[in-house]
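Summary of structural features
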Amino acid sequence: MTEPRALPGSATPLLDRIHSPTDLKALSREQLPALTGELRDEIVRVCSVGGLHLASSLGATDLITALHYVLNSPRDRILFDVGHQAYAHKILTGRRAQMPTIKKEGGLSGFTKVSESPHDAITVGHASTSLANALGMAMARDALGQDYHVAAVIGDGSLTGGMALAALNTIGDKGPRMLVILNDNEMSISENVGGINKFMRGLQVQKWFQEGEGAGKKAVETLSRPLASFMSRAKNSTRHFFDPASVNPFSAMGLRYVGPVDGHNVEELVWLLERLVDLDGPTILHVVTKKGKGLSYAEEDPIYWHGPAKFDPATGEYVPSKSYSWSAAFGDAVTELARTDPRVFVITPAMREGSGLVEYSRIHPNRYLDVGIAEEVAVTTAAGMALQGLKPIVAIYSSFLQRAYDQVLHDVAIENLDVIFAIDRAGIVGADGATHNGVFDLSFLRTIPNVDIALPKDAAELRGMLKAAQGVGGPVAIRYPRGSTEQVPDGTWPDLTWGTWTRERPGDDVVILAGGKALEYALKATSDLPGVGVVNARFVKPLDAVMLREVAGRARTLITVEDNTVLGGFGSAVLEFLNAEGLTVPVQVLGIPDEFQEHATVESVHARAGIDAQAIRTVLAELGVAVPTGV
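Residues numbered from 1 in each chain as written. Predicted model: local features only at pLDDT ≥ 70, side-chain atom pairs only at ≥ 80, totals over all residues. Heavy atoms only, no water.

Focus on the overall build of the chain
- In terms of helices and strands, the chain carries 25 helices and 17 strands.
- Residues counted as buried form 56% of the 631 residues belonging to the chain.
- Of the roughly 25,700 Å² that the chain leaves accessible, carbon and sulfur atoms contribute 54%. (Helix = DSSP H or I, 4+ residues; strand = E, 2+ residues; numbered from the N terminus. Buried < 20%, exposed > 50% of the residue type's maximum accessible area, 1.4 Å probe, protein only. Areas by Shrake-Rupley, 256 points an atom, 1.4 Å probe, with all protein chains shown as cover.)

What follows is the structure, given as structure tokens:
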């Protein structure tokens, strides 16, 4: 295993010469392995501050270097699925000096982003989108009579997404000239078989071989179509005998398959890519890589080092977080809940670690299902379980649930099935930016009949909602933010009446209605304002009609605060209710503006959006509340 380099103060003489892909091409092929070593050193240095995508970027460094050495970006289009593995791409395309700003306010995105650089072919953050994008670009090229290459890099994990598989099917059917690179960092789809395999790999990439096959087929067809068909079947049978790798789902879909090859041999990758890019039709190159490549501790534990905390690059030492996350709170609660209710079954779309389910999956392996990056499958599988008497819980990020809207509506809600959606990362998530901000779920879930929506204020209330939801029936969405909360003892299951709000602070003149993260801001904003009422509006659907009528009948003004878009969210629900009831109390709606929020800290985005404690105090002052300054 490769040992970590003495990174502090390390020289990068080759990398220092590269400010664009054009500079990269000035290097000899023999210099490329040394360059990829320097790239890895740079990536480790940048990621050591914590919170960045390390292991995946190290694993893709050789492949990215080879792609930019062969192709001519930005004319040629290089697409990265998800985009979190593209740090080497950013460095090689002139953004090295900006790398310390990655995922910081005003800095580089953690993913590829069209508006950031002409070298970024797509804006991305979610999985399985690259192949459909690449197909569209290749077909646009052909329709416009243009000439450029299209190459899409997709990981084996992203291939679990139905969108990627559907795109492959269409690529094989339409047959545009394009290259799909399968970055396989788990296991090979087919095994090498020694010398014959190497011979066939070399033969596959020779243009004369491909052209010869086509010319031979046309010549025979002019003589006899049945003979041509027989010879084609004979050729395939011979190829399958000598080349087992050609018998795979990609070939069945109509793509030329090449591989598997060593994804860390940059010179071999260059040799292959030079021959593959000019072949007619779609080709898939299967490369085998190792996450964390070049850094021993990242190779040994690629799951942790996917997005580690701040660490010492030389030793890998880091200080574990002492905070208790909302994800951990959910994981602990559902693990305990499953002990007492054999109907509980948890489903996740490839988010075991992120959703706090590592311990649950260990203790309840027979009531745990990871469907891969296939959110739609997660939701509809839960529907099937509910139809047969289970109590499934879908643990899913808010921004990923967007991908399964139709399944929530069509497969779960129409028949009012007992499915709980544990929605993590609801609201602004911060550094991951627009692709991951979960600020639309209140709005899109409110539009679906039968779906209840709850917002816990802390871990205890989360537990109470999970317990109560088991008996409510029908689909229930419980949303909670990224970040930390106070841990509560095992066995904590507070009773709560479903669909009811609670008063957190008395006051009837101006009353703030808020739930979840927004409630925290409301309480902080009014800590020295005894006359301002604060209500824990912990249910967005159904609203607490009794309490809302009561506060609306007494208050001079209501303020709603939510970590969700202002369009169609909690504030809209309150306004709709008051209009239906004929209540005319003024309402000030605070929420995320109708625009995508770029990456920054959660606190910074909330301040910019006008929903943090200081923003609430400003609104209160404008309403005539005596708000002390300098607090």
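So that's the structure; there's more coming.
So, the sheet that holds strand S15 (residues 539-541)
- Read from one edge to the other, the open sheet built from 7 strands follows the order S7-S6-S8-S9-S11-S10-S15, with strand pairing classed as mixed. Each having just a single partner strand, strand S7 (368-370) and S15 make up the two edges of the open sheet. Going across the sheet, the axis of each strand differs from the next one's by a mean of 20°, ignoring polarity.
- Of the strands in this sheet, strand S6 (344-348), S7, strand S8 (391-397) and strand S9 (420-424) are in contact with helix H16 (residues 375-387), which crosses S8 at around 165°. (Pairing = 2+ DSSP bridges. Axes fitted to C-alpha atoms, helices over the stretch in contact; angles between N-to-C directions. Contact = heavy atoms within 4.5 Å.)

Concerning the nonpolar core
- Counting 83 residues, the largest nonpolar core has Phe330, Phe421, Trp501, Leu513, Leu548 and Leu558 as the members making the most contacts within it.
- Broken down by element, this core gets its largest block of residues, 7 residues, from helix H14 (residues 326-340).
- Apart from residues no more than four positions distant in its own chain, leucine 558 is found in contact with Val511, Leu513, Leu548, Val551, Ala552, Leu578, Val585, Pro586, Val587 and Gln588.
- If you look at the next biggest cluster of nonpolar residues, it comprises 55 residues, including Leu14, Leu32, Val266 and Leu295. (Core = buried A, V, L, I, M, F, W, Y, C linked by side-chain atoms within 4.5 Å.)

Considerations on the environment of glycine 384
- Relative to the elements of secondary structure, glycine 384 occurs in helix H16.
- Residues glycine 384 and leucine 417 lie 33 residues apart in sequence; the distance between their C-alpha atoms is 9.3 Å.

Quick notes on helix H18 (residues 405-413)
- If you check which residues of H18 are buried, you get Gln407, Val408, Val412 and Ala413. Angular distribution of buried residues about the axis of H18 spans 145°; they occupy a single face of the element.
- Buried positions along H18 lie against H16, helix H17 (398-401), S9 and helix H19 (441-446). (Arc of directions from axis to C-beta.)

As for the pairing of strand S11 (residues 476-479)
- Side chains Val476 and Ile478 project from S11 onto one buried face, and the interleaved Ala477 and Arg479 project onto a second face that is buried too.
- In this sheet, S11 lies alongside S9 in parallel orientation, the contact comprising 4 bridges. Each residue of the ladder has a partner; that of phenylalanine 421, found in S11, is alanine 477.
- Bridge count between strand S10 (residues 452-454) and S11: 3 bridges; the pairing is parallel. Following the sheet pairing, alanine 454 is matched in S11 by isoleucine 478.
- Considered for its hand, the β-α-β crossover made up of S10, helix H20 (residues 459-472) and S11 is right-handed. (Right-handed = clockwise from strand over helix to strand, strands pointing away.)

Regarding the environment of alanine 88
- Considering the arrangement of structural elements, one finds alanine 88 in helix H5 (residues 87-95).
- A residue is classified by how much of its surface remains accessible, and alanine 88, at 0% relative accessible area, is buried.
- Sequence separation between alanine 88 and serine 57 is 31 residues; the distance between their C-alpha atoms is 6.9 Å.
- Setting aside its immediate chain neighbours within four residues, alanine 88 contacts Leu39, Ile43, Thr61 and Ile64.

Side note on the pairing of strand S3 (residues 178-184)
- Buried residues dominate S3, accounting for 7 of its 7 residues.
- Relative to S3, strand S2 (residues 150-155) runs parallel, the two being bridged by 5 bridges. Across the sheet, the residue bridging to valine 153 is isoleucine 181, located in S3.
- Considered for its hand, the β-α-β crossover made up of S2, helix H7 (residues 162-174) and S3 is right-handed.
- Sheet topology note: the S3/strand S5 (residues 282-288) ladder contains 7 bridges and is parallel. Bridge pairing in S5 places asparagine 183 opposite valine 287.

Quick notes on the sheet that holds strand S16 (residues 557-565)
- Here we have 5 strands laid out as an open sheet, ordered S12-S14-S13-S16-S17, and mixed in their pairing. Bordering the open sheet on either side are strand S12 (502-505) and strand S17 (587-592), each of which pairs with just one other strand. Neighbour-to-neighbour, the strand axes of this sheet turn through a mean angle of 25°, independent of strand direction.
- Across 5 bridges, strand S13 (residues 510-514) lies against S16 in parallel orientation. Looking at the pairing, valine 510 lines up with threonine 557 of S16.
- Against the sheet, helix H23 (residues 570-581) contacts S13, S16 and S17, and its axis sits at roughly 140° relative to S16.

Brief notes about the side chain of glutamine 85
- Mapped onto the fold, glutamine 85 is located in the loop between strand S1 (77-80) and H5.
- We classify glutamine 85 as buried; its relative accessible area is 5%.
- Here the side chain of glutamine 85 touches glycine 83 through a polar contact of 3.2 Å, landing on its backbone nitrogen.
- If we ignore the near neighbours within four places in the chain, the residues touching glutamine 85 are Ser56, Ser57, Ala60, Ile64, Phe80 and Val153. (Polar contact = N/O pair within 3.5 Å; in protein donor to acceptor, adjacent residues only side chain to side chain.)

Overview of the pattern of salt bridges
- Inspection of every chain in the model, using the stated rule, returns 36 salt bridges.
- Between arginine 362 and glutamate 359 there is a salt bridge, with the nearest N and O atoms lying 2.4 Å from each other. Taken together, the residues arginine 362 and glutamate 359, both in helix H15 (residues 358-363) and 3 residues apart, mark about one turn of the helix.
- Taking relative accessible area as the criterion, arginine 362 reaches 55% and is therefore assigned exposed.
- You can call glutamate 359 partly exposed: its relative accessible area is 37%.
- Ionic pairing is found between arginine 538 and glutamate 461, a salt bridge with its closest N-O pair at 3.0 Å. Taken together, the positions of arginine 538 in the loop between strand S14 (532-536) and S15 and glutamate 461 in helix H20 put the pair 77 residues apart, joining distant regions of the chain.
- Taken together, the shared-partner salt bridges connect Asp16, Glu42, Arg45 and Arg96 into one network. (Salt bridge = Lys/Arg side-chain N within 4 Å of Asp/Glu carboxyl O.)

Observations concerning the packing of helix H22 (residues 545-554) against H23
- In contact at an axis separation of 11 Å, H22 and H23 are set at 75° when each is read in the N-to-C sense. The angle between H22 and H23 falls in the class roughly perpendicular. Judged by residue contacts, Ala545, Leu548, Arg549 and Ala552 of H22 engage Val574, Phe577, Leu578 and Glu581 from H23.
- For the contact of H22 with H23, a count of residues per class yields 6 nonpolar, no polar and 2 charged. (Parallel < 35°, antiparallel > 145°, perpendicular 65-115°, else oblique. Nonpolar A, V, L, I, M, F, W, Y, C, P; charged D, E, K, R; others polar.)

Notes on the confidence of the model for the chain
- The share of residues in the chain with pLDDT of 70 or more is 88%, and the mean pLDDT across the chain is 89.
- Of the regions scoring below 50 in pLDDT, residues 1-7 engages in 22 contacts with residues more than four places distant in sequence or in other chains.
- The low-confidence segment residues 187-201, where pLDDT is below 50, has 24 contacts with residues more than four positions distant or belonging to other chains. (pLDDT = per-residue confidence, 0-100.)

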